[in-house]
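# Close look at the chain arrangement
Residues per chain are reported as follows:
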Amino acid sequence: MSASPSQPRSTRPSEGLTVLPLASPTLPPATTTNTTFVGRRDVWVVDPAPPWEAPREALLAEVRTLAHTGRAARGIVLTHHHPDHVGAAAWLREQTGLPILAHPVTATLLRGRPTVDRLLEEGDVLVGSDADDDRWQVLHTPGHAPGHLCLWEPVRRLLVAGDMVAATGTIVIAPPDGHMATYLAQLERLAALGPARLVPAHGAVVEAPVERLRFYVRHRLEREGRVSGALEAEPLALMALTERSYPDVPRALHGLASGSALAHLIKLEEEGRARRLDDGRWVSA
Ligand SMILES: [Zn+2]
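Residues numbered from 1 in each chain as written. Predicted model: local features only at pLDDT ≥ 70, side-chain atom pairs only at ≥ 80, totals over all residues.

Relative to strand β9 (residues 135–140), strand β8 (residues 125–127) runs antiparallel, the two being bridged by three bridges. Each bridged residue has a counterpart across the sheet, and for L126 the counterpart in β9 is W136. Direction of pairing for β9 relative to strand β10 (residues 149–153): antiparallel, over a ladder of four bridges. Within β10, the residue paired with L139 across the bridge is C150. (Pairing = 2+ DSSP bridges. Helix = DSSP H or I, 4+ residues; strand = E, 2+ residues; numbered from the N terminus.)

Dropping the structure here:
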């Protein structure tokens with residue numbers, strides 16, 4: 001019998017690192033969000049997402065199974081506030097009594113749904129065990145979402161990357177959550193760490209993350225080139241600009257793409273390379 005969404009298969013890319021893809025209301029073509037279990041003895045449950053009963057039961061079973069190997073969950077970590085990352089957090093806290101941890105900005109944006117019990121900031125460390133290679137540094141990596149966090153284990157060079165990179169689907173960078181210049185700077189920062197393996201929130205573990213991170217930067221800058229090129233021809237409203245800059249994207253997705261186009265325009269405006277006219281159209285500066 002093949003695996004159905006209610007029988008998810010976990011993978012273990014490294015010792016004390018388990019990735020469990022669970023059905024979630026995410027952006028197609030992705031259909032799942034990875035709940036990642038970090039730590040050899042004390043386990044941090046990252047991004048429990050499903051709002052539905054069957055995948056939630058699979059999640060709870062995984063948490064309860066930890067005890068069979070002398071391990072125990074210590075907390076629920078949210079990489080950011082988007083609904084396809086937090087959908088089971090309050091439920092899992094209710095079932096287990098585990099605290100919910102997130103960046104202060106994420107706590108604010110969640111507006112109590114769920115409430116955050118402990119704040120995490122850049123420089124904090126989540127300890128998995130006494131081993132040197134089981135101390136997970138908290139990195140604040142805004143750009144996709146302003147309170148976005150990654151977890152970084154520098155000895156094995158493992159990166160739990162949330163929505164900074166997707167192995168399935170694309171990462172939306174759109175205002176008000178998204179900020180393109182910040183996102184690109186954080187991708188560069190993550191690439192400079194030299195991760196050996198990267199666990200994205202959507203899709204399979206990335207085995208050549210530095211190349212992938214650099215590809216993401218290149219790809220965004222190529223798109224920025226199209227946006228600024230289109231503006232050089234004539235002043236354009238956002239949707240007209242989206243049509244010209246995203247010819248490879250199906251029309252039905254242009255509403256979504258216009259958010260990314262706006263993020264590029266804001267970056268160009270910040271760099272003094274574009275400006276918005278009183279009538280709302282954009283021009284080269
Ligand atoms: Zn997201």
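From this point on, the discussion continues.
For the rest of this paragraph, the subject is the pairing of strand β2 (residues 17–23). Here β2 lies mainly inside the structure; seven of its seven residues are buried. Side chains of β2 alternate between two faces, with L17, V19, P21 and A23 and T18, L20 and L22 buried alike. Sheet topology note: the strand β1 (residues 11–14)/β2 ladder contains two bridges and is antiparallel. Residue pairing across strands places T11 opposite V19, the latter belonging to β2. Taken together, β1 and the strand that follows it, β2, pair antiparallel across an intervening segment of two residues, in which G16 is found at a positive phi of about 70 degrees. Pairing geometry for β2 and strand β3 (residues 32–38), over seven bridges, is antiparallel. Note that in β3 the partner of V19 across the bridge is T36. (Buried ≥ 20, exposed ≤ 12 C-beta atoms within 10 Å, placed from the backbone.)

What follows covers the domain arrangement of the chain. In many reports, interface size means the accessible area that the parts give up when they come together. Split into domains, the chain comes out as domain 1 (11–207) and domain 2 (220–284). Each of domain 1 and domain 2 has a C-alpha centre, and the two are 32 Å apart. Taken together, the contact between domain 1 and domain 2 spans nine residues of the former and ten residues of the latter. Each residue belonging to the side of domain 1 that touches domain 2 can be placed in one class, and the counts come to seven nonpolar, two polar and no charged. (Domains from an automatic or database assignment. Contact = placed C-beta atoms within 7 Å. Nonpolar A, V, L, I, M, F, W, Y, C, P; charged D, E, K, R; others polar.)

The strand order across the open sheet built from five strands is β8-β9-β10-β11-β12, with neighbouring strands paired in mixed fashion. Looking along the sheet, the strands with just one partner apiece sit at the ends: β8 and β12 (197–200). This sheet shows a mean twist of 25 degrees between the axes of neighbouring strands, independent of strand direction. Where β10 and strand β11 (residues 158–162) come together, three bridges link them in antiparallel fashion. Across the sheet, L151 pairs through a bridge with V160, a residue of β11. (Axes fitted to C-alpha atoms, helices over the stretch in contact; angles between N-to-C directions.)

The periodicity of an α-helix, 3.6 residues per turn, causes residues three or four places apart in sequence to face the same way. Its 17 residues place the ends of helix α8 (residues 254–270) 24 Å apart at the C-alpha level, agreeing with the 24 Å of an ideal helix rising 1.5 Å per residue. Listing the buried residues of α8 in full gives A257, S258, S260, A261, L262, A263, H264, L265, K267 and L268. Against α5 (180–193), α6 (209–233), α7 (238–245), β13 (274–276) and β14 (282–284) lie the buried residues of α8. Downstream of α8 by one or two residues, G272 has phi in the positive range, about 75 degrees. (Expected span 1.5 Å × (residues − 1).)

Turning to unusual backbone geometry, a few remarks are in order. Note the cis peptide between R113 and P114, where omega equals 0 degrees. On the secondary structure map, P114 appears in the loop between α4 (104–110) and β7 (118–119). Each neighbour pair has its own omega, and for P175 with P176 the value is 5 degrees, a cis peptide bond. Positive phi is not limited to glycine here, since R111 has a value of about 45 degrees.

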